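Structure at a glance
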Amino acid sequence: MGAQKKGATARVSEDPEELARNPLQAILLADSFATTFRPITLERPKVLLPLVNIPMIDYTLAWLESAGVEEVFVFCCAHSKQVIDYLESSQWSSQPNFSVATIESHNSISAGDALRLIYERNVIHGDFVLISGDTVSNMLLTQALQEHKERKKKDANAIMTMVVKQSKPSPITQQSRLGTDELFMAINPVTKQLLCYEDKAEYSKGFISLDKTLIADNPSIILHNDKQDCYIDICSQEVLSLFTDNFDYQHLRRHFVKGLLVDDIMGYKIFTHEIHSSYAARIDNFRSYDTISKDIIQRWTYPFVPDVLCGSTAIKVERQGTYRASDVTLSRSAHVGSFTFIGQGTKIGNDTKISHSVVGKGCTIGSNVTIEGSYIWNNVTIEDGCQLRNAIVCDGVIMKSGAVLQPGVILSFKVVVGHQFVVPAYSKVSLLQQPTQQDSDEELEYADSTSGTGELQSEKLNGDIAPDLSETASELGTGGVGYIWSVFEGVQDEEWRHSVAPIPTDKLVKLMLDEDEEQLTQDGNVLSASGELKADSDDNGSEDENNEDSRDDYVFFEKEVEATFLRAVHENVKVDHAVLEVNALRLSYNMASVDCAGAIFYSMMKLAVESPHSSASELLKNAAEMITKWQKLLKSFLHDIDEEIEVILKFEEMCLESAKEFAALFPQVLHLLYDKEILQEDAILRWADEKEGADESDKVFLKRSEKFIQWLKEAEEEEDDD
Amino acid sequence: MDFQVVVLAGGSSKNLTPLVSKELPKPLLPVANRPVLSYVLHQLEQNNLKDLIVVVEGEDTALVVGAWISGTFIDRLHVEIAAVPEDIGTAGAIRAISHHLTAKDILVVSGDLVSDVPPGAVAATHRRHDAAVTAMLSSIPVSGPLDSGSSGGKDKAKKLGRYNIIGLDPGKQFLLHIATGAEIEKDARLPKHILRAVGQMEIRSDLMDAHMYAFKRSVLQEVLDLKDTFQSLKEDVLPYLVRSQLKSEALSNRTPQGEENGNEKVTSQNNQVFVSRILANSSTPSFHDHSSENPDGSAPTRKTHKCCAYIASSGSYCVRLNSIQAFMDINRDVTGEADHLLTGTSSDPNNNIGPSPKLGTKTTVGPHCMLGEGSEIGDKCQVKRSVIGRHCRIGSHVKVVNSVVMNHVTIGDGCIIQSSVVCSNVQLQERVVLKDCQVGAGFVVTAGSEYKAESLARKEK
């Protein structure tokens with residue numbers, strides 16, 4: 001079905017006239033499917049949060065309009081009602097040549113779901129711009145679109161063009177600017193094709209792997225650490241159908257882009273378009289909120305700056321980047337510093353100092369207040385003597401006199417901070433209680449539970465907010481209202497990475513040292529190994545380069561089997577169950593029962609070696625016990641002679657490598673296995689035959705067990721004689 | 001120029017049997033009737049690099065090569081001959097002669113390089129950047145037979161295996177990554193920390209390491225002392241230096257141990273400087289500044305050294321004689337498209353194209369051929385794209401195509417020789433047919449025999 005449709009769309013896009021007739025469309029995702037803006041996003045969708053006093057989505061829509069997009073589909077999921085209401089009441093509902101339609105969903109948990117839904121609606125008829133509602137840009141789309149179309153004409157597989165921008169290298173600058181993780185991209189410098197996209201996922205490794213076929217296909221590849229992904233994509237229609245075909249694609253980058261890059265069957269290609277002088281950035285977390293706000297105030301995003309965007313309320317730009325709305329009441333002794341925005345109807349008291357901050361509409365700020373690098377939204381009351389540093393304060397918050405916000409504090413809607421209360425750094429305060437279920441699930445990382453649970457909670461809480469307040473009054477000092485969200489275990493140390501506050505110096509130093517350390521250890525590995533290639537390959541856990549992959553698989557498999565076995569031993573699992581479990585592992589790793597036999601035997605012997613013993617005879621005893629106890633498990637995987645031989649080979653390997661203590665006991669254990677009828681004499685004799693032709697060094701164990709084999713042979717002959 | 005040149009001339013290369021022998025070691029293999037070593041020596045002389053150590057494997061070889069050099073270059077180059085044991089690798093060879101090295105910088109050249117890339121330019125690049133190592137990279141030679149010769153050469157992964165994966169900075173001046181040999185069989189693994197420092201790295205797979213390196217002597221000697229397992233310059237020393245360029249261990253001009261402690265103390269201080277730079281959102285020091293700031297020990301705490309690349313211009317000729325195929329290619333190219341390598345070398349009278357050899361009637365010698373002095377060719381012969389050595393006697397009705405015939409070879413009537421190498425003193429009796437063969441020195445091919453893709457040699461006594 002999907003394939004059919006795709007065929008049809010391909011035919012459509014091949015027709016140039018058809019292409020020309022299509023108005024340029026855009027899909028705007030008004031839900032980031034992330035939880036980085038909690039707790040604020042529990043009450044209001046991220047795209048409606050004010051960015052220098054204007055909702056984020058306005059920046060995106062204004063840009064789309066200016067870039068020549070004629071039809072925008074706004075996909076809303078979390079708080080969809082709010083988004084729809086806002087759009088209906090805004091200027092966007094009545095623009096000529098620019099239509100904004102909303103698509104509502106209540107159960108999408110990812111961008112993938114959103115695009116699948118849009119595909120079903122069948123509203124996109126040609127190339128479209130894919131953007132999320134938290135992106136600020138002023139780039140011109142014409143060139144990128146042109147490039148995309150030309151490529152598409154030549155190569156039907158060129159289905160997407162990603163916009164990238166030069167940024168500074170090193171994780172430190174990326175972290176300190178947009179709070180994003182470092183990103184590595186490999187791009188062909190001639191065709192601009194994207195060949196590899198790696199974000200933080202594999203941070204632990206000190207190197208980037210490029211597939212060798214990539215290198216063979218592209219004589220020159222440029223590997224970038226200095227590019228920033230703007231999250232503006234120009235897509236062909238196929239992108240939507242691809243999401244439908246691959247129903248497991250959730251995340252635009254992590255799944256879709258990487259999936260396309262890895263998949264060489266379909267041969268779809270992604271290209272990049274680099275912008276140089278224009279601006280594009282996405283608000284991904286509190287830090288980028290801070291950075292982009294500053295960029296807007298400093299007019300990097302021109303013409304998308306407050307004074308141009310809201311032509312109606314006259315905003316004056318003064319010296320040093322101070323923006324002041326028309327009816328601000330400013331005390332004579334108040335000092336408004338550089339790069340500050342003061343919204344309409346705000347009153348500011350005596351001796352108050354404000355710098356590098358945004359203050360929204362209708363706020364009341366008392367005397368002797370210090371506000372630095374903070375974002376104060378609308379209708380906030382700040383009483384005398386408060387101090388705010390690098391904080392975000394949402395609508396309707398009341399700060400009683402003398403309250404202090406330490407760097408990185410987020411005060412969500414209508415929170416009240418008590419008299420002279422000090423809110424500790426990086427606290428997130430909300431009237432809503434922290435959702436109890438934790439987002440440890442990988443699924444939930446991008447599944448914004450604001451979509452469903454958030455709304456439910458807020459409704460529930462609106463009903464019985466009063467009793468809650470009295471209980472929690474103490475949390476924010478006398479007269480305070482709100483919950484201080486506790487930080488999840490483990491995330492605590494990471495809070496500074498995405499916070500609105502600048503990264504403290506010591507953390508930056510740490511970041512640098514981390515990098516150094518990583519480099520040191522990395523080099524240490526390489527150095528010790530570089531002399532002898534053998535050691536190098538050992539480091540990678542594989543001896544053979546050619547079948548490294550299968551080898552790796554086997555190593556994992558072996559570990560899994562060992563873990564299963566150990567659990568069986570310690571928890572006295574029944575043998576039948578253990579057999580089932582190992583069988584399940586065998587299927588999931590696509591292994592043969594030969595491998596199972598080898599792995600089980602390996603685990604048994606390893607356990608025997610690891611259990612305490614003082615002499616070789618005790619070790620033998622351990623092994624005997626182990627074999628006696630678990631022979632049934634082992635036997636269930638020994639169906640024929642080949643598998644038995646594998647066990648012998650495995651044992652040999654162990655004696656040479658991991659469990660050298662067994663080396664001396666080799667013949668005894670062999671005998672034991674024979675006695676227990678785990679190994680048939682045919683297997684042992686065949687093994688001996690096979691080994692006959694081997695190198696001298698390979699025959700060590702054969703020689704040791706010569707007697708036993710001799711005995712076996714004689715026994716066989718006798719039998720034959722009989 | 002305070003440069004010492006080490007020419008790694010090698011000895012009896014296994015790849016080249018049966019062409020090489022005790023009497024004719026690899027350095028003296030004739031390319032267009034001149035020993036291959038003479039091409040390198042000539043280039044060095046042209047670039048005024050006259051202080052040479054020629055390293056040869058084996059004492060016997062040293063004598064033969066030494067005799068030839070002193071006979072040819074006696075008054076023009078200052079050459080020392082050093083003999084090292086066989087099979088100790090290129091790094092081992094340098095280690096063995098380490099005490100002879102005195103100059104500030106060392107240029108290491110492979111003796112089998114036939115190239116028109118000026119070594120002086122490599123040396124100059126090295127000096128300009130004050131680099132720890134500079135490697136000469138050249139485009140992969142375009143030689144038709146090389147691809148078609150190896151069966152299944154179309155296989156991309158295989159093709160890749162023969163070359164290098166090289167990472168360069170955007171300015172193509174610095175070498176950021178190099179992978180050779182077995183490493184290439186796997187996926188390429190590129191170090192993140194270097195990438196972070198530079199921002200972007202260009203990965204090239206169409207360049208080859210031409211085996212001409214300039215080293216800072218102190219660095220080279222320290223690495224060799226420190227890492228006694230290193231065997232090869234190309235596969236061990238160079239990758240090591242490239243890998244550790246942002247964090248040289250003991251690779252500075254200063255005494256390493258004494259200062260280590262002192263550096264620990266300033267770490268935090270320097271970090272402050274660095275951090276403040278970031279906070280101010282000013283540009284972080286570029287990769288070059290980063291490394292050049294280093295020698296005075298001021299800004300960054302890490303010691304760095306520079307690894308540079310000299311990329312030969314695409315038109316230049318640069319091939320190493322390290323296989324029989326390469327031997328054939330070079331002979332063909334030097335007499336053909338790259339004949340400028342021969343001009344201006346007339347200083348060696350023995351190696352001129354011989355004074356018109358005696359040709360029989362109706363014998364044609366095509367273009368791109370070379371006939372050594374004193375050779376005689378009988379009637380109705382055809383010689384195409386081949387090199388024929390000195391004092392050869394070729395009978396009538398003989399066809400020599402795409403082949404190399406060395407000195408004192410006797411070829412009987414009616415022989416057909418295609419794409420083959422015939423070494424000195426070989427006797428080909430009548431009507432021998434050779435195709436894709438190598439005939440070792442002194443071998444006698446009996447009349448009428450036909451060989452295809454075989455290697456013929458006398459049994460070693």
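Structure's up top.
Since the model is a prediction, treat every value here as computed from it, not as a measurement.

As for the overall build of chain A
From N to C terminus, chain A includes 27 helices and 36 strands. Within the span of chain A, comprising 722 residues, buried residues form 54% of the whole.

Structural notes on the sheet that holds strand S28 (residues 387–389) of chain A
Here we have 6 strands laid out as an open sheet, ordered S19-S22-S25-S28-S31-S34 (chain A), and parallel in their pairing. Two strands bound the open sheet, and with one partner strand each, they are strand S19 (335–336) and strand S34 (422–423) of chain A.

Regarding the nonpolar core
Residues and elements named next belong to chain B. Judged by nonpolar contacts, the single largest core of 83 residues is most densely connected at Leu29, Leu41, Leu107, Met136 and Leu428. The biggest single contributor to this core is helix H1 (residues 36–46), with 6 residues. Two domains share this core, each providing at least three of its residues, namely domain 1 (3–318) and domain 2 (350–456). Setting aside residues up to four positions removed in sequence, Met136 forms contacts with Leu113, Ser115, Val117, Val122, Met208, Asp209, Ala210, His211, Met212, Tyr310, Ala312 and Cys318.

Some points on a negative patch on the surface
A cluster of acidic residues, Asp689(A), Glu690(A), Glu692(A) and Glu706(A), forms a negative patch on the protein surface. Mapped onto the elements, Glu706(A) comes out in helix H27 (residues 706–721).

Observations regarding helix H4 (residues 80–89) of chain A
All names here are of chain A. Residues of H4 that are buried: Ser80, Val83, Ile84 and Leu87. Buried residues in H4, looked at end-on, bunch into an arc of 95 degrees, giving them a common side. Counted as exposed and oriented over 90 degrees from the buried face of H4: Lys81 and Ser89.

Let's talk about the packing of aromatic side chains
The relative placement of two aromatic rings is captured by the distance of their centres and the angle of their planes. All names here are of chain A. What the rule picks out here adds up to 20 aromatic pairs over all chains. Look at Phe243 and Tyr249: their rings are 5.9 Å apart centre to centre, the planes differ by 80 degrees, and that puts the pair in the edge-to-face class. In this structure, Phe243 and Tyr249 share a single accessibility class: buried. Look at Tyr289 and Trp377: their rings are 6.4 Å apart centre to centre, the planes differ by 55 degrees, and that puts the pair in the tilted class. Highlighted residues: Tyr289 in helix H11 (residues 286–297) and Trp377 in the loop between strand S26 (375–376) and strand S27 (381–382), separated in sequence by 88 residues.

Observations regarding the packing of helix H21 (residues 593–610) of chain A against helix H23 (residues 641–656) of chain A
All names here are of chain A. Axis separation between H21 and H23 bottoms out at 9 Å; the angle between their running directions is 40 degrees. Taken together, the axis directions place H21 and H23 in an arrangement best described as oblique. Regarding H21 and H23, the two cross each other, and that crossing is right-handed. Residues Ser593, Val594, Ala597, Gly598, Phe601, Tyr602, Met605 and Lys606 of H21 pack against Glu643, Glu646, Val647, Lys650, Phe651 and Met654 of H23. Its residues placed into classes, the contact of H21 with H23 shows 8 nonpolar, 2 polar and 4 charged.

Considering unusual backbone geometry
In this structure, the amide linkage connecting Arg38(A) to the following residue, Pro39(A), adopts the cis form with an omega of 0 degrees. Within the secondary structure, Pro39(A) is located in the loop between strand S1 (25–29) and strand S2 (50–51). Looking along the chain, the bond that leaves Tyr302(A) and enters Pro303(A) is cis, with omega of 5 degrees. When you line up the elements, Pro303(A) lands in the loop between H11 and helix H12 (306–309). Phi at Asn402(B) takes a positive value of approximately 50 degrees, unusual for a residue other than glycine.

Conventions and cut-offs
- Residues numbered from 1 in each chain as written.
- Chains lettered and ligands numbered in written order.
- Predicted model: local features only at pLDDT ≥ 70, side-chain atom pairs only at ≥ 80, totals over all residues.
- Heavy atoms only, no water.
- Helix = DSSP H or I, 4+ residues; strand = E, 2+ residues; numbered from the N terminus.
- Buried < 20%, exposed > 50% of the residue type's maximum accessible area, 1.4 Å probe, protein only.
- Pairing = 2+ DSSP bridges.
- Core = buried A, V, L, I, M, F, W, Y, C linked by side-chain atoms within 4.5 Å.
- Domains from an automatic or database assignment.
- Contact = heavy atoms within 4.5 Å.
- Patch = residues over 30% accessible without salt bridge, like charges linked within 9 Å, V, L, I, M, F, W, Y side chains within 5 Å.
- Areas by Shrake-Rupley, 256 points an atom, 1.4 Å probe, with all protein chains shown as cover.
- Salt bridge = Lys/Arg side-chain N within 4 Å of Asp/Glu carboxyl O.
- Lys, Arg positive; Asp, Glu negative; His and termini not counted.
- Charge placed at Lys NZ, Arg CZ, Asp CG, Glu CD.
- Arc of directions from axis to C-beta.
- Phe/Tyr/Trp six-rings, centres within 6.5 Å; stacked < 30°, edge-to-face > 60°.
- Axes fitted to C-alpha atoms, helices over the stretch in contact; angles between N-to-C directions.
- Parallel < 35°, antiparallel > 145°, perpendicular 65-115°, else oblique.
- Left-handed = near helix turned anticlockwise from the far one by under 90°.
- Nonpolar A, V, L, I, M, F, W, Y, C, P; charged D, E, K, R; others polar.

Shape is all these values report; function is a separate question.
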